[in-house]
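What follows is the residue order along each chain.
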2 protein chains.
Amino acid sequence: MKQILIQFLSNFSELTQTQVNEMADLMKVATFKKNSSIVKEGDYCTSCYFVLKGCLRQYIIQDGIEKTIAIYTENQSINYFISEDIQTKAENNLICIEDSTILVGNPKSDAQLFSKFPMLVDITRRMIEADLNTAQKNISTLITSSPEQRYKHLLEERPDLIQRVPQHIIASFLGITPESLSRIRKRIATVNK
Amino acid sequence: MKQILIQFLSNFSELTQTQVNEMADLMKVATFKKNSSIVKEGDYCTSCYFVLKGCLRQYIIQDGIEKTIAIYTENQSINYFISEDIQTKAENNLICIEDSTILVGNPKSDAQLFSKFPMLVDITRRMIEADLNTAQKNISTLITSSPEQRYKHLLEERPDLIQRVPQHIIASFLGITPESLSRIRKRIATVNK
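Residues numbered from 1 in each chain as written. Chains lettered and ligands numbered in written order. Predicted model: local features only at pLDDT ≥ 70, side-chain atom pairs only at ≥ 80, totals over all residues. Heavy atoms only, no water.

Considerations on the relation of the copies chain A and chain B
Here's step 1: Least-squares fitting of chain A to chain B yields an RMSD of 0.0 Å, with the transformation described by 0.0 Å of translation along the axis and a rotation of 180°. Accordingly, the operation relating the two chain copies is best matched by a two-fold axis.
Here's step 2: Counting the interface residues of chain A, we find that 100% of their copies in chain B are interface residues as well, pointing to one common contact surface. (Least-squares fit on C-alpha atoms with pLDDT ≥ 70 in both. Contact = heavy atoms within 4.5 Å.)

What about the pattern of salt bridges?
Residues and elements named next belong to chain A.
Here's step 1: Summed over the entire model, instances satisfying the criterion amount to 24 salt bridges over all chains.
Here's step 2: A salt bridge links arginine 164 to aspartate 160, with the nearest nitrogen and oxygen atoms 3.3 Å apart. With arginine 164 and aspartate 160 both in helix α6 (residues 159-164) and four residues apart, this pair spans about one turn of that helix.
Here's step 3: For aspartate 160, a relative accessible area of 30% gives the class partly exposed. (Salt bridge = Lys/Arg side-chain N within 4 Å of Asp/Glu carboxyl O. Helix = DSSP H or I, 4+ residues; strand = E, 2+ residues; numbered from the N terminus. Buried < 20%, exposed > 50% of the residue type's maximum accessible area, 1.4 Å probe, protein only.)

A few points about the interface of chain A and chain B
Here's step 1: Each partner contributes to the interface: chain A provides 32 residues, whereas chain B provides 32 residues.
Here's step 2: Interface of chain A and chain B: buried area, both sides summed, is about 2900 Å²; carbon and sulfur atoms make up 67% of it.
Here's step 3: At the junction of chain A and chain B, the tally comes to two salt bridges.
Here's step 4: Across the pair lysine 137 of chain A and glutamate 91 of chain B runs a salt bridge whose closest N-O atoms are separated by 3.5 Å.
Here's step 5: Mapped onto the side of chain A that touches chain B, the elements with two or more residues apiece are β4 (56-62), β5 (65-72), α4 (119-144) and α7 (167-173) of chain A.
Here's step 6: The greatest single-element share of the side of chain A that touches chain B, amounting to 19 residues, is contributed by α4 of chain A.
Here's step 7: Here the side of chain A that touches chain B is built from residues that sort into 14 nonpolar, eleven polar and seven charged. (Buried area = accessible area lost by both parts, 1.4 Å probe. Nonpolar A, V, L, I, M, F, W, Y, C, P; charged D, E, K, R; others polar.)

So, the state of the cysteines
Here's step 1: Under the criterion given, the structure shown has zero disulfides over all chains.
Here's step 2: Here cysteine 48 of chain A stays free of any disulfide, with the sulfur of cysteine 45 of chain A as its closest cysteine sulfur at 7.9 Å. (Disulfide = S-S within 2.5 Å.)

Some thoughts on the pairing of strand β3 (residues 48-53) of chain B
All names here are of chain B.
Here's step 1: Note that β3 and strand β8 (residues 100-105) share five bridges and pair antiparallel. Paired with lysine 53 across the strands is threonine 101, a residue of β8.
Here's step 2: Where β3 meets strand β6 (residues 77-78), two bridges bridge the pair, whose relative direction is antiparallel. By the bridge assignment, tyrosine 49 is partnered in β6 with isoleucine 78. (Pairing = 2+ DSSP bridges.)

Some details on the environment of isoleucine 123 of chain B
Residue and element names in this part refer to chain B.
Here's step 1: Residue position: isoleucine 123 is located in helix α4 (residues 119-144).
Here's step 2: Along the primary structure isoleucine 123 and asparagine 93 are separated by 30 residues, whereas in three dimensions their C-alpha atoms are 28 Å apart.
Here's step 3: Excluding residues within four positions of it along the chain, isoleucine 123 makes contact with Phe12, Glu14 and Leu15.

A short note on the side chain of threonine 68 of chain B
Here's step 1: You can see threonine 68 of chain B is positioned in strand β5 (residues 65-72).
Here's step 2: A polar side-chain atom of threonine 68 of chain B sits 2.9 Å from a polar atom in the side chain of arginine 57 of chain B. (Polar contact = N/O pair within 3.5 Å; in protein donor to acceptor, adjacent residues only side chain to side chain.)

Considering the sheet that holds β5 of chain B
All names here are of chain B.
Here's step 1: Ordered by their spatial adjacency, four strands build an open sheet running β2-β7-β4-β5, and the pairing between neighbours is antiparallel. What marks the edges here is a single partner per strand, and that holds for β2 (37-39) and β5. The mean angle between the axes of side-by-side strands here comes to 35°, regardless of whether they run parallel or antiparallel.
Here's step 2: Two strands pair when backbone bridges link them, and strand β4 (residues 56-62) and strand β7 (residues 93-96) are joined in this way by four bridges, in the antiparallel orientation. Paired with tyrosine 59 across the strands is asparagine 93, a residue of β7. (Axes fitted to C-alpha atoms, helices over the stretch in contact; angles between N-to-C directions.)

In structure tokens, the structure reads:
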């Protein structure tokens, strides 16, 4: 289990192997079986997550229907806003689509790690910056694209999701019905023939 | 001009007044007149921005039509992905809606500031984390809400925008025509009577 974390940390050329091993010892890694619920809407936010292996999704329930708002795979962070001053409640649910191995952090453990390994602060900052860049691109796509364009964008940007995630979840993530997604897929298949 | 920056930095209780003044001397602040173009699609990304005062928007041009993908006001950062390894091109345009005072940074100036003031790394990380949280909430709203719900959400979350930003830009930001926005506004006004 720790081996996946060590492999991941070894990607950062600024870390020595000794540092990687020491960090891995201090970090908390958890494994979850497929369909495990990790966060429920209304829970107090206590942790943030980083996917080392697996696939998870966030959803909200609106008028009795599950609406998928994010799908995460390897090397993506799943942020919940944790404030030191006020207790915040999760506004969505987090569940595993596959068996998943996840790095679990919280402000206290982060502070301990940052104090022992100051270079981690900057590594974390750069990773969050990349996540923010991705989120802003997603916003741009959501504002400017039709469901069909969004599906094509997903095919280009995250082709693995189409294989790993059930179609009804992909449809929900695109904000359309499974039937509409099926029509879009047929249309694209016909054009590409 | 620097006074706005000093005021902003003074909000961080972990910084002494001497540090605030020294930082302000090293940071680059620029002012732009209303309608100034700051970034053009296809430009090489060289800087990131943080709004000290004013209002700006990002848009793309799609089939000859401007589509607003983000509106920024005070205390929001405007990120462009700048990699040390490859030159990246801006995928959108950035223009001032109002006269604006902006903090301008780049990886080199950031590195100098971070090395002189290590506590800034963590302050920056927390600010980007809050931006990411906001971006993820926006994604959730975009996936799960109708244009009318998104307009109501905007009224709640960023009521100042309704006053500061021309209606056709608000409409574009909601992904609807100005006529549809006008109908939504009338409907809400009738319900609230």
